[in-house]
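Single-letter residue listing:
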Amino acid sequence: MTAPPLHPAAAGEAAPARCETCGDLAARMIVLSADAAAGLAVCLDEERRRRTVETALLEDVRPGQTLLVHAGTALAREAG
């Protein structure tokens, strides 16, 4: 299974990425800890709340990375 593509912000813009399938915004979350065997990570959302995120679509998720998350699933890593 592959993740739906995201529409990133245009160059130089800070607008959030959107899910190409439904158009919803992808939330940026910072990884606090990751369990590769379980395919899960504990992340901090933009309001500083801890969230459990499914990471099965991504490889090598590590603390400190910023993920783009939609409906509880990490779809991509934020570039940069």
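Preceding this paragraph is the structure being described.
Residues numbered from 1 in each chain as written. Predicted model: local features only at pLDDT ≥ 70, side-chain atom pairs only at ≥ 80, totals over all residues. Heavy atoms only, no water.

Undergrad: Now, about the environment of aspartate 35: what can you tell me, with residues and values included?
TA: Tracing the backbone through its elements, the reader meets aspartate 35 in strand E3 (residues 27–35). Residue aspartate 35 is classed as partly exposed on the basis of its relative accessible area of 39%. Considered as a pair, aspartate 35 and arginine 62 are 27 residues apart in the sequence and their alpha carbons are 9.0 Å apart. Among the polar contacts listed, one links the side chain of aspartate 35 to the backbone nitrogen of alanine 37, at a separation of 3.2 Å. (Helix = DSSP H or I, 4+ residues; strand = E, 2+ residues; numbered from the N terminus. Buried < 20%, exposed > 50% of the residue type's maximum accessible area, 1.4 Å probe, protein only. Polar contact = N/O pair within 3.5 Å; in protein donor to acceptor, adjacent residues only side chain to side chain.)

Undergrad: Any details on the side chain of glutamine 65? Residues and values, ideally.
TA: Structurally, the position occupied by glutamine 65 is in the loop between strand E5 (50–54) and strand E6 (66–70). The exposure class of glutamine 65 is buried, given its relative accessible area of 16%. Within the local environment of glutamine 65, its side chain forms a polar contact with the backbone nitrogen of arginine 62, the two atoms lying 2.8 Å apart. Polar side-chain contacts of glutamine 65 include one of 3.3 Å to the side chain of arginine 77. The contact partners of glutamine 65, leaving out residues within four places of it in the chain, are Met29, Ile30, Val31, Asp60 and Arg77. (Contact = heavy atoms within 4.5 Å.)

Undergrad: So what's going on with the pattern of salt bridges? Residues and values would help.
TA: Taken as a whole and assessed by the stated rule, the structure comprises 5 salt bridges. Of the charged contacts, one joins aspartate 45 and arginine 51 as a salt bridge, the two residues approaching to 3.2 Å between their closest N and O atoms. One salt bridge in this structure joins arginine 62 and aspartate 60, with 3.2 Å as the shortest N-O distance. Residue arginine 62 is classed as partly exposed on the basis of its relative accessible area, which comes to 46%. (Salt bridge = Lys/Arg side-chain N within 4 Å of Asp/Glu carboxyl O.)

Undergrad: Would you mind going over the environment of arginine 51 in detail, with residue names and values included?
TA: Its place among the elements puts arginine 51 in strand E5. A C-alpha to C-alpha distance of 8.2 Å links arginine 51 and alanine 41, two positions 10 residues apart in sequence. If we skip the residues at most four places from it in the chain, arginine 51 touches Met29, Ala41, Val42, Cys43 and Asp45. Within polar-contact distance, the side chain of arginine 51 engages the side chain of aspartate 45 at 3.2 Å.

Undergrad: Please set out the nonpolar core residue by residue, giving values where relevant.
TA: Judged by nonpolar contacts, Met29, Val31, Ala41, Cys43, Val53, Leu58, Val61, Leu67, Val69 and Ala74 together constitute the single largest core of 10 residues. When contributions to this core are tallied by element, the ones reaching two or more residues are E3, strand E4 (40–44) and E6. Excluding residues within four positions of it along the chain, alanine 74 makes contact with Val53, Glu54, Thr55, Leu57, Leu58, Leu67, Leu68 and Val69. (Core = buried A, V, L, I, M, F, W, Y, C linked by side-chain atoms within 4.5 Å.)

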